[in-house]
Amino acid sequence: EKFILNGKLVDRSEGYVDVEDRGYQFGDGIYEVVRVYNGQLFTNKEHLDRLYLSAEKLSLQIPYSAEELTKQLQELVTVNQLNTGIIYMQFTRGTAPRKHQFPETSHLTFVAYTNEVERPIDHFEKGVSAILVDDIRWLRCDIKSLNLLGNVLAKQQAAEKGCYEAIQHRGEIVTEGSSSNIFIVKNNELLTHPATNLILKGITRQVILKICDEHQIAYREETFTIDDLLHADEVFMSSTTSEVTPIIQVDQQKIGNGTPGALTRQIQKYFDQEIEKQTKQ
Ligand code: PLP
């Protein structure tokens with residue numbers, strides 16, 4: 001098993017990151033997770049676009065072009081013989097004596113590795129349960145930064161209650177999951193939080209909205225409340241690893257009749273087609 005350290009393919013056991021790496025000490029860095037199907041990268045361009053955007057927002061200069069990065073990632077997938085899984089990549093502000101302000105000189109630390117991750121087919125078919133939690137995160141959730149403690153604490157609460165996802169809210173407004181975007185369906189129309197500073201603009205969310213455009217499915221990028229969520233016809237979450245996963249129960253309360261909704265199932269089918277289109281061999 002190989003991984004990439006600063007642009008070079010090395011053995012997992014050889015890799016080493018300094019104890020004063022700013023990613024390790026401050027969470028001063030950014031990351032992306034790219035899905036691999038059939039040994040091929042899915043929506044890689046969209047993920048890299050977002051990576052460069054996150055970098056810009058934190059004044060990080062990624063020392064590779066998108067083409068160079070893509071080449072490295074594809075090579076990693078090939079040497080690790082990954083078929084279905086994910087690539088995790090992160091860039092930190094590098095190693096420097098521990099001071100909060102940016103160091104005058106430092107080289108970004110770049111790490112990427114692969115993991116086998118099956119598609120959660122069982123979840124797609126049966127749906128999952130979720131809980132509601134207060135969104136205690138900072139006000140730059142649009143940046144895919146390494147600072148994930150708010151998300152970690154939210155997901156831990158869900159896990160302790162035997163639930164798959166924690167749906168966060170600021171006051172009455174539902175923002176997003178701990179590692180997903182949230183959609184509700186009411187009267188055959190989708191609603192999802194607008195892509196503001198309060199949520200991550202998910203790539204899966206973007207694919208779903210494109211699907212809606214192509215198939216004349218009505219949607220609005222508008223805020224909705226906890227009450228709207230609990231009384232929705234359907235609810236689903238979206239993410240790179242979870243794709244389109246129905247949520248059938250929130251805080252012990254059934255959504256609709258407590259089974260995955262018809263429109264959710266339809267969007268899953270269109271999503272499958274999108275995967276096939278992009279990753280057929
Ligand atoms: N929101 C948060 C907080 C996330 O961590 C993620 C990613 O896992 C998402 C949304 C979904 O984004 P994407 O569809 O790009 O994976």
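Note that the coordinates shown come from a computational prediction; the quantities given were computed from them, not determined experimentally.

### Considering the overall build of the protein chain
- The number of helices and strands found in the protein chain is 8 helices and 15 strands.
- Taken against the 2.2 N^0.38 rule, which gives 19 Å for 281 residues, the C-alpha radius of gyration of the protein chain at 19 Å falls within 12% of a compact globule.
- Across its three principal directions, the C-alpha atoms of the protein chain cover 55 × 45 × 35 Å.
- Sorting the 281 residues of the protein chain into buried and exposed places 52% on the buried side.
- Pairs at least 24 residues apart make up 72% of the contacts formed inside the protein chain by residues separated by at least 6 positions.
- Carbon and sulfur atoms make up 49% of the accessible area of the protein chain, which amounts to about 14000 Å² in all.
- Distance between charge centres in the protein chain, computed from 30 positive and 40 negative side chains, equals 1 Å.

### Considering the domain arrangement of the protein chain
- Looking at the assigned domains, one finds that the protein chain contains domain 1 (2–116) and domain 2 (121–279).
- The gap between the C-alpha centroids of domain 1 and domain 2 is 26 Å.
- The interface is formed by 26 residues belonging to domain 1 together with 21 residues belonging to domain 2.
- Here domain 1 meets domain 2 over a buried area of about 2000 Å², counting both sides, of which 61% is carbon and sulfur.
- Run the count over domain 1 and domain 2 and you get 1 salt bridge.
- Residues Asp142 and Lys57 are paired through a salt bridge, measuring 2.9 Å at the closest nitrogen-oxygen approach.
- Joining domain 1 to domain 2, the criterion identifies 12 residue pairs in polar contact (both at pLDDT 80 or more).
- Among the elements that line the side of domain 1 that touches domain 2, the one with the most residues is strand 3 (residues 29–37), at 8 residues.

### Side note on helix 2 (residues 44–57)
- Across its 14 residues, helix 2 extends 20 Å between first and last C-alpha, which sits within 8% of the 20 Å expected from 1.5 Å per residue.
- Among the residues making up helix 2, those that are buried are Asn44, His47, Leu48, Arg50, Leu51, Ser54 and Ala55. Buried residues of helix 2, seen end-on, are gathered within an arc of 160° and therefore sit on one face of the element. What points out from helix 2, more than 90 degrees from its buried face, is the exposed set Lys45 and Glu56.
- Buried residues along helix 2 sit against strand 3, strand 4 (40–41), helix 3 (66–79), strand 5 (85–92) and helix 6 (203–214).
- Following helix 2 by one or two positions, Ser59 has its phi on the positive side, about 55°.

### Side note on the pairing of strand 1 (residues 2–5)
- Relative to strand 2 (residues 8–11), strand 1 runs antiparallel, the two sharing 4 bridges. Of the residues in strand 2, the one forming a bridge with Lys2 is Asp11.
- The turn linking strand 1 back onto strand 2 is made up of 2 residues, and Asn6 within it adopts a positive phi angle of 50°.
- As paired strands, strand 1 and strand 6 (residues 109–116) are joined by 2 bridges and run antiparallel to one another. Counted as the bridge partner of Leu5 is Val111 from strand 6.

### Some words on empty space enclosed by the protein
- In the structure shown here, the tally under the stated rule is 2 cavities of 30 Å³ or more.
- Of the volumes computed, that of the largest cavity is approximately 60 Å³.
- Around the largest cavity, the lining residues are Arg35, Tyr37, Phe42, Thr43, His47, Ile203, Thr204, Val207, Thr240 and Phe271.
- Elements that contribute at least two residues to the lining of the largest cavity include exactly strand 3 and helix 6.

Scoring rules and cut-offs
- Residues numbered from 1 in each chain as written.
- Predicted model: local features only at pLDDT ≥ 70, side-chain atom pairs only at ≥ 80, totals over all residues.
- Heavy atoms only, no water.
- Helix = DSSP H or I, 4+ residues; strand = E, 2+ residues; numbered from the N terminus.
- Rg over C-alpha atoms; globule rule 2.2 N^0.38 Å.
- Buried < 20%, exposed > 50% of the residue type's maximum accessible area, 1.4 Å probe, protein only.
- Contact = heavy atoms within 4.5 Å.
- Areas by Shrake-Rupley, 256 points an atom, 1.4 Å probe, with all protein chains shown as cover.
- Lys, Arg positive; Asp, Glu negative; His and termini not counted.
- Charge placed at Lys NZ, Arg CZ, Asp CG, Glu CD.
- Domains from an automatic or database assignment.
- Buried area = accessible area lost by both parts, 1.4 Å probe.
- Salt bridge = Lys/Arg side-chain N within 4 Å of Asp/Glu carboxyl O.
- Polar contact = N/O pair within 3.5 Å; in protein donor to acceptor, adjacent residues only side chain to side chain.
- Expected span 1.5 Å × (residues − 1).
- Arc of directions from axis to C-beta.
- Pairing = 2+ DSSP bridges.
- 1 Å grid on protein atoms, 1.4 Å probe; cavity = no way out; pocket = protein on both sides within 12 Å on 5 of 7 lines; lining within 4 Å.
- Points joined across faces, edges and corners; volume = space filled by probe spheres on them.

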